[in-house]
Amino acid sequence: MRLLYAIQGTGNGHLSRALDIVPLLQRRCDQLDILVSGSAAELPLPFAVKYRVPGMGFLFGKKGGINFAKTFWQFNSATFLRDIHQLPVASYDLVISDFEPVSSWACQRRGVPCVALSHQSAVLHPAAPRPKRPDPAGRAVLRHYAPSTAQYGFHFQEYAPGIATPVIRQQVRALVPTNEGHYTVYLPAFAEELLVKHLRYVSSTTRWEVFSKHSTRPAQHGNVRVWPVSGPAFLDSLRRAAGVLCGAGFETPAEALYLGKKLLVVPMKQQYEQQCNAAALAAMGVPVIRGFKPKHLAVLDQWLHQGQPVPVDYPDQTAAILDRLLHEQLPSLQREVLTGLISV
């Protein structure tokens, strides 16, 4: 069996999930090739990547949203179409896409099945939480960005059959959480100086450990310590934190909840997926703020002094989900081979 696993590399979340999924897939097939699209992630991968393509990602802004101008100018439609045309998806027995557009559109172009294994698949499920304000355009982008023929999703809760709880990577499951009093901050859509200003205003004594995509060197601003994004340093800060202030993505909030940290999220502006995530987290009891205006800072201050962790149960079921996906999606003639590989 030859499998292609395609990963969206716009952020670190998809790649962190791949750290657990790739070794499991490697044990279940004869050949696993990896494709990564995008270049906005800092997480190194400990396995070979056969295809690296620019893809169709977005660039973070500095005021809480996407930098649409830079996103537009960095996207090369000719390269994107060329990569779709050249990717040999028909030579694989199965293509699995974690919200990766090049592989998805290459499969659609050739009439090849493409299986979505992603958080976005769960977000699009009718049973998943939605924001109060509808966003037809945002939902359409999410639905058509990486088309698929079958969907397996991960979300903060099991809202319906076919939706599993998050993949918590083994690096996080191995952590022994403590509380050393500081707060870990990861808000990649905000500039360093803006975060420092607002965090120091909320509290001049609380220790804030900020990880910034816009910073190239560590810096100390009173009680606010800023680092460039780094996987090991971030995990260590997360392990020792009293709480986590982050965007309404998926992996970082899920890991914070798993570690028993109190959590507050700031969804990115004009990003439908994060608005949906914020709705899901709010229903679970996680505070949500939309920015750093005075009314939002009051909520942040209250969370800082009175917030409590939201308990969750995130068992390690990644292997079982992959076994189900492969059993359901591989041609029937290969299932006996698959069964033998899984039993080894």
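Everything below is about the structure printed above this text.
Rules and cut-offs
- Residues numbered from 1 in each chain as written.
- Predicted model: local features only at pLDDT ≥ 70, side-chain atom pairs only at ≥ 80, totals over all residues.
- Heavy atoms only, no water.
- Pairing = 2+ DSSP bridges.
- Helix = DSSP H or I, 4+ residues; strand = E, 2+ residues; numbered from the N terminus.
- Contact = heavy atoms within 4.5 Å.
- Axes fitted to C-alpha atoms, helices over the stretch in contact; angles between N-to-C directions.
- Phe/Tyr/Trp six-rings, centres within 6.5 Å; stacked < 30°, edge-to-face > 60°.
- Buried < 20%, exposed > 50% of the residue type's maximum accessible area, 1.4 Å probe, protein only.
- Lys NZ or Arg CZ within 6 Å of the ring centre and 35° of its normal.
- Right-handed = clockwise from strand over helix to strand, strands pointing away.
- Polar contact = N/O pair within 3.5 Å; in protein donor to acceptor, adjacent residues only side chain to side chain.

Enquirer: Give a description of the sheet that holds strand 6 (residues 150-154) that names residues and reports values.
Expert: The seven strands lie next to each other as 3-2-1-4-5-6-7, forming an open sheet whose pairing is parallel. The open sheet has two edge strands with one neighbour each: strand 3 (51-53) and strand 7 (163-164). Relative to strand 2 (residues 31-37), strand 1 (residues 2-8) is paired through seven bridges, and the arrangement is parallel. In the strand pairing of strand 2, Ala6 is matched with Leu35. The sheet strands contacting helix 4 (residues 101-110) are strand 1, strand 2, strand 3, strand 4 (94-98) and strand 5 (114-118), and the helix crosses strand 4 at an angle near 140°. Across the sheet, helix 13 (residues 318-329) touches strand 1, strand 4, strand 5, strand 6 and strand 7, and the angle it forms with strand 6 is around 175°.

Enquirer: Which residues make up the sheet that holds strand 13 (residues 262-266), and what values go with them?
Expert: One open sheet holds the six strands; their spatial order is 10-11-9-8-12-13, and the pairing between them is mixed. The two strands at the open ends of the sheet, each matched to only one other strand, are strand 10 (219-221) and strand 13. Taken over all neighbouring pairs, the strand axes of this sheet differ in orientation by 20° on average, direction set aside. Relative to strand 9 (residues 208-212), strand 8 (residues 183-186) runs parallel, the two being bridged by four bridges. Counted as the bridge partner of Thr184 is Glu209 from strand 9. Sheet contacts for helix 12 (residues 294-306): strand 8, strand 9, strand 12 (243-247) and strand 13; angle to strand 13, the most-contacted strand, approximately 165°.

Enquirer: Give me the packing of aromatic side chains: which residues, what numbers.
Expert: Taken as a whole and judged by the stated rule, the model has eight aromatic pairs. Between the aromatic rings of Phe211 and Trp227, the centroid separation amounts to 5.5 Å while the plane-to-plane angle is 20°, which identifies the pairing as stacked. With Phe211 in strand 9 and Trp227 in strand 11 (residues 224-228), the pair connects residues that are 16 residues apart, well separated along the chain. The class for Phe211 is buried, based on a relative accessible area of 1%. Taking the relative accessible area as the measure of exposure, Trp227 reaches 24% and is therefore partly exposed. Among the aromatic residues, those joined into a ring-pair cluster are Tyr186, Phe211, Trp227 and Phe234. Geometry around Tyr92 places Arg2 over its ring, the cationic atom sitting 4.6 Å from the centre. Between Lys262 and the ring centre of Trp303, over which it is positioned, the NZ or CZ distance is 5.4 Å.

Enquirer: Just give me the short version of the pairing of strand 5, but keep the residues and values in it.
Expert: Counting buried positions along strand 5 yields five of five residues, so the element is predominantly enclosed. Side chains Cys114, Ala116 and Ser118 project from strand 5 onto one buried face, and the interleaved Val115 and Leu117 project onto a second face that is buried too. Pairing of strand 4 with strand 5, which is carried by three bridges, proceeds in the parallel orientation. Paired with Val95 across the strands is Cys114, a residue of strand 5. Handedness of the β-α-β unit built from strand 4, helix 4 and strand 5 comes out right-handed. With four bridges connecting them, strand 5 and strand 6 associate as parallel partners. Within the sheet, the bridge partner assigned to Val115 lies in strand 6 and is Ala150.

Enquirer: Break down helix 4 for me, citing the residues and quoting the values.
Expert: Those residues of helix 4 that sit buried are Pro101, Val102, Ser103, Ser104, Ala106 and Cys107. Check the buried side of helix 4 and you find it contacts strand 1, strand 2, strand 3, helix 3 (77-86), strand 4 and strand 5. One side-chain oxygen of the residue at the start of helix 4 lies 3.0 Å from the amide nitrogen of Val102, identifying that residue as Glu100. Looking one or two places after helix 4, you find Gly111, whose phi comes out positive at around 70°.

Interpretation in functional terms is not warranted from these geometric data alone.
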